[in-house]
Amino acid sequence: IGMGLTGFGVFFLFFGMMLFFDKALLAIGNILFVSGLSFVIGLERTFRFFFQKHKVKATSFFLGGVLVVLIGWPIIGVVLEIYGFFLLFRGFFPVAVGFIRRVPVLGSLLGLPGISTV
């Protein structure tokens, strides 16, 4: 259930941005993404993840962006969410890139000269 909710949340967020920041789709995507994350890792771990002392700034940007989208300012809200998302998950990005480097086709693409320095 959690992966499905998270996947649908990402789909609705992407589709909402493709349709020129449709407020309703972005709001549905936000709600599905956060609830799906809660189902995947559990309510207590989700709460502990978002409300750690060193992640207060990132959490406030992300959840503030969700609130701004729900209020009705989708472009500003999405910008705040993206910034908060990168602050929240910046420790996960090197792990994800390391995993992708071990995937046969994608690893060779990441080994190209212009991309490998990133």
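Now for a quick tour of the structure. (Residues numbered from 1 in each chain as written. Predicted model: local features only at pLDDT ≥ 70, side-chain atom pairs only at ≥ 80, totals over all residues. Heavy atoms only, no water.)

**Notes on the nonpolar core**
Working step 1: Judged by nonpolar contacts, Phe33, Leu37, Phe49, Phe50, Ala58, Phe62, Val66, Leu87, Leu88 and Phe89 together constitute the single largest core of 10 residues.
Working step 2: Elements represented by at least two residues in this core include exactly α2 (23-41), α3 (43-50), α4 (56-71) and α5 (74-88). (Core = buried A, V, L, I, M, F, W, Y, C linked by side-chain atoms within 4.5 Å. Buried < 20%, exposed > 50% of the residue type's maximum accessible area, 1.4 Å probe, protein only. Helix = DSSP H or I, 4+ residues; strand = E, 2+ residues; numbered from the N terminus.)

**Describing the layout of surface pockets**
Working step 1: When its volume is computed, the largest pocket comes out at roughly 270 Å³.
Working step 2: Of all the secondary structure elements, the ones that give two or more residues to the lining of the largest pocket are α1 (2-18), α2 and α5.
Working step 3: Take the lining of the largest pocket: its biggest share by element is five residues, from α5.
Working step 4: Residue composition of the lining of the largest pocket, by class: nine nonpolar, one polar and one charged. (1 Å grid on protein atoms, 1.4 Å probe; cavity = no way out; pocket = protein on both sides within 12 Å on 5 of 7 lines; lining within 4 Å. Points joined across faces, edges and corners; volume = space filled by probe spheres on them. Nonpolar A, V, L, I, M, F, W, Y, C, P; charged D, E, K, R; others polar.)

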